[in-house]
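Examination of the molecular architecture
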Amino acid sequence: MEKGGGDPLGLLCPMGRPEKLALHRGGQTRVEESSRAIAGCFGGGQKRDWQCPHVRVLCVRPKILMADSEALPSLAGDPVAVEALLQAVFGVVVDEAIQKGTSASQKVCEWKEPEELKQLLDLELRSQGESQEQILERCRAVIRYSVKTGHPRFFNQLFSGLDPHALAGRIITESLNTSQYTYEIAPVFVLMEEEVLRKLRALVGWSSGDGIFCPGGSISNMYAVNLARYQRYPDCKQRGLRTLPPLALFTSKECHYSIQKGAAFLGLGTDSVRVVKADERGKMVPEDLERQIGMAEAEGAVPFLVSATSGTTVLGAFDPLEAIADVCQRHGLWLHVDAAWGGSVLLSQTHRHLLDGIQRADSVAWNPHKLLAAGLQCSALLLQDTSNLLKRCHGSQASYLFQQDKFYDVALDTGDKVVQCGRRVDCLKLWLMWKAQGDQGLERRIDQAFALARYLVEEIKKREGLELVMEPEFLNVCFWFVPPSLRGKQERPDYHERLSKVAPVLKERMVKEGSMMIGYQPHGTRGNFFRVVVANPALTCADMDFLLNELERLGQDL
């Protein structure tokens, strides 16, 4: 290889790339002793004969010349040093984040107070760079003090677990570092995204439609509101809010908070969100939806969208979609279904009835990074529309990016469907996992989660000091831990106040010990209770037993 990186016109400055680089391997050999190898490529600016068990190479220390003519070390142009670094980092990731991070014998987290953690991480960014050995230690520290969301005792969020095929897809995605806005720079992923979206739409029950991967369910919900508004009032894209009458959208009190945020962000205002009653199980009441629509119209507002929820955040409730769709049809309203949490149930023939009626929706938000464990982030907005509504609503036809005289079909340039310009690839991790698991493997994963949630519920019923908030229909198992000092004292006037203080105490204890993580919250008139999310595909009955035993241990003195 010639100096200058093989520049045919000799226009580029020499960057000290390796001269006639020779890398000899045999059989299963690979770069070992990575940190020593990296150090061996960084000394003076001289040539160095680097010794490694399976590699012998003559390399030149790469330099980047700055305005002051001082040379800074760089891995650019030195494939041996790059490989050695990445081998070492991958080794740390496999050992610390994957093997230990998913082992029940290890802690879920290593809790540190903020000031101590700042010191341990040495977060300050300085003028001088650090050695590669120090960088590797930084990697270890980041993993050591991070919460292990793939751990079988992590029940804290609606996402958990670590799927190896999805992780492989995420690694490839980060390595390729492309933006999914045009076919010319992301040909594989433009085609892949469309196929994954087609599969998701088919599970909803649509034979055609549109869609896009979004940076999270909140943005998917926000896009749905914007599309519904644009469909009714297309002039608002150019002329703005001044062209609109007062608008009203409807959702239940159990909806995700992104509906309120979206209304504020889009200029509708939070007052435009009409909150529909939910029943005792957290499901939207269609009769109250009908009443709220009538009230809004009487007040001079124009109803335009209903947002139903399939899998509410706390109770895991599924709104009655057929009845809600009937209301929307009578009033000509856009029906959006926030199925970010519950959408993956469509893969289960046993449980998909929970989403009966979803095929009547105009749009659906679905987050495979939750129940399918595809990894953050993986959030799809699906549309039944075939009129290119996404592009008409969000497009701006930037001529430097979306040229219409390209040498391929410009319909493949999907970037104008979204508000973003740069857009990360979120389809590969789901596609690769789906290829490995198939529909049947993913269905078994869903059914197993339901079975484990049922096992946990039955165990809760058997034990003293545990009280269900309600019988769950999904994977959110909500209950109170009643400590020994409060058992049998439900008639005390301060019982509920004292019970509400139990969950925060136990949460602090479990986190500081690192034994497990469970979320808690108040809900309406109910005081704080635990919400266990049974989603990790690696969970077993033993993990459910540990959870309850650990709560009893942590709370035995309360």
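Residues numbered from 1 in each chain as written. Predicted model: local features only at pLDDT ≥ 70, side-chain atom pairs only at ≥ 80, totals over all residues. Heavy atoms only, no water.

**Looking at the packing of aromatic side chains**
Inspection of the entire model under this criterion finds eight aromatic pairs. Centroid distance Trp 341 to Phe 474: 4.9 Å. Interplanar angle 55 degrees. Geometry classified as tilted. In this pair, Trp 341 is assigned in the loop between strand 10 (334-338) and strand 11 (363-366) and Phe 474 in the loop between strand 13 (466-468) and strand 14 (476-481), connecting sequence segments 133 residues apart. You can call Trp 341 buried: its relative accessible area is 2%. For the ring pair Phe 407 and Tyr 408, a centre distance of 5.3 Å and an interplane angle of 85 degrees mean the geometry is edge-to-face. Site record: aromatic cluster; members linked through ring pairs are Phe 318, Trp 341, Phe 450 and Phe 474. In this structure, Arg 153 packs its charged tip against the face of Phe 546, placed 3.8 Å from the ring centre. (Phe/Tyr/Trp six-rings, centres within 6.5 Å; stacked < 30°, edge-to-face > 60°. Helix = DSSP H or I, 4+ residues; strand = E, 2+ residues; numbered from the N terminus. Buried < 20%, exposed > 50% of the residue type's maximum accessible area, 1.4 Å probe, protein only. Lys NZ or Arg CZ within 6 Å of the ring centre and 35° of its normal.)

**Some words on helix 10 (residues 286-298)**
Here helix 10 is 13 residues long and its end C-alpha atoms lie 19 Å apart, about the 18 Å a rise of 1.5 Å per residue gives. Of the residues making up helix 10, those classed as buried are Pro 286, Asp 288, Leu 289, Gln 292, Ile 293 and Ala 296. Relative to the axis of helix 10, the buried residues are bounded by an arc of 150 degrees and lie together on one face. Relative to its buried face, helix 10 has exposed residues pointing more than 90 degrees away, namely Glu 287 and Ala 298. Lining the buried residues of helix 10 we find strand 7 (247-252), strand 8 (273-276), strand 9 (302-309) and helix 11 (321-331). (Expected span 1.5 Å × (residues − 1). Arc of directions from axis to C-beta. Contact = heavy atoms within 4.5 Å.)

**Overview of the sheet that holds strand 16 (residues 526-533)**
Spatially, 5-15-16-14-13 is the arrangement adopted by the five strands of the open sheet, whose pairing is mixed. Only two strands of the sheet have a single partner each, and these edge strands are strand 5 (154-155) and strand 13. Where strand 14 lies against strand 16, four bridges are found, and the strand directions are antiparallel. Opposite Cys 478, over in strand 16, you have Arg 531 as the bridge partner. In this fold helix 13 (residues 428-462) packs onto strand 13, strand 14 and strand 16, with an angle of close to 20 degrees to the strand it touches most, strand 14. Running at roughly 165 degrees to strand 15 (residues 517-523), helix 15 (residues 502-513) makes contact with strand 14, strand 15 and strand 16 of the sheet. (Pairing = 2+ DSSP bridges. Axes fitted to C-alpha atoms, helices over the stretch in contact; angles between N-to-C directions.)

**Structural notes on unusual backbone geometry**
Backbone torsion omega between Leu 376 and Gln 377 reads -10 degrees, so that peptide bond is classified as cis. Following the sequence through the fold, Gln 377 ends up in the loop between strand 11 and strand 12 (379-383). Positive phi is not limited to glycine here, since Asn 177 has a value of about 50 degrees. Take Asn 177: it is sitting in the loop between helix 5 (164-176) and helix 6 (187-204). The phi angle at Gln 397 is positive, at roughly 55 degrees, despite the residue not being glycine. Structurally, Gln 397 is set in the loop between helix 12 (389-394) and helix 13. Note on Gln 397: relative accessible area 53%, which makes it exposed.

**Details of the environment of Tyr 230**
Along the chain, the position of Tyr 230 falls in helix 7 (residues 217-232). Look at Tyr 230 and you get buried, because its relative accessible area is 10%. With 162 residues separating them along the chain, Tyr 230 and Arg 392 place their C-alpha atoms 8.9 Å apart. Those residues in contact with Tyr 230, other than ones at most four positions away along the chain, are Cys 236, Lys 237, Leu 389, Arg 392 and Cys 393.

**Focus: the sheet that holds strand 8**
Read from one edge of the open sheet, seven strands run 6-12-11-10-9-7-8, paired in mixed fashion. The open sheet terminates on both sides in strands that have one partner only, identified here as strand 6 (210-214) and strand 8. Averaged over neighbouring strand pairs, the angle between their axes works out to 20 degrees when direction is ignored. In the sheet, strand 6 pairs with strand 12 via five bridges, with the strands oriented antiparallel. Note on strand 12: the bridge partner recorded for Gly 211 is Leu 382. On top of the sheet, helix 6 reaches strand 6, strand 11 and strand 12; it is set at about 115 degrees to strand 6, its chief contact. The strands touched by helix 11 are strand 9 and strand 10; relative to strand 10, the strand with the most contacts, the crossing angle is about 155 degrees.

**What about the side chain of Arg 463?**
Within the fold, Arg 463 resides in the loop between helix 13 and strand 13. For Arg 463, the side chain forms a polar contact with the side chain of Asn 549, separated by 2.6 Å. Among the polar contacts listed, one links the side chain of Arg 463 to the side chain of Glu 552, at a separation of 3.4 Å. Not counting residues within four places of it along the chain, the set of residues in contact with Arg 463 comprises Asp 545, Leu 548, Asn 549 and Glu 552. (Polar contact = N/O pair within 3.5 Å; in protein donor to acceptor, adjacent residues only side chain to side chain.)

**So, the pattern of salt bridges**
Two side chains carrying opposite charge are able to pair once their charged atoms lie near each other. Inspection of every chain in the model, using the stated rule, returns 39 salt bridges. Among the ionic pairs, Lys 112 bridges to Glu 116, the shortest N-O distance being 3.8 Å. On the accessibility criterion, Lys 112 (23% relative accessible area) is partly exposed. We classify Glu 116 as partly exposed; its relative accessible area is 39%. Across the pair Arg 423 and Glu 193 runs a salt bridge, and its minimum N-O distance is 2.7 Å. (Salt bridge = Lys/Arg side-chain N within 4 Å of Asp/Glu carboxyl O.)

**With respect to the UniProt feature "modified residue: N6-(pyridoxal phosphate)lysine" (unreviewed entry) in the chain**
The UniProt feature table records "modified residue: N6-(pyridoxal phosphate)lysine" (unreviewed entry) at Lys 370. Apart from residues lying up to four places away in sequence, Lys 370 is in contact with Leu 158, Phe 159, Ala 340 and Trp 341. (UniProt positions renumbered as here; feature names shortened; annotations may be inferred.)

**Looking at the pairing of strand 15**
When you tally the buried positions in strand 15, you get five out of seven residues, the bulk of the element. Here two bridges tie strand 5 to strand 15, and the two strands are oriented parallel to one another. If you follow Phe 154 over to strand 15, its bridge partner there is Met 517. Relative to strand 16, strand 15 is paired through four bridges, and the arrangement is antiparallel. Each residue of the ladder has a partner; that of Gln 521, found in strand 16, is Phe 529. Linking strand 15 to strand 16, which pair antiparallel, is a turn of two residues; within it Gly 524 sits at a positive phi near 60 degrees.

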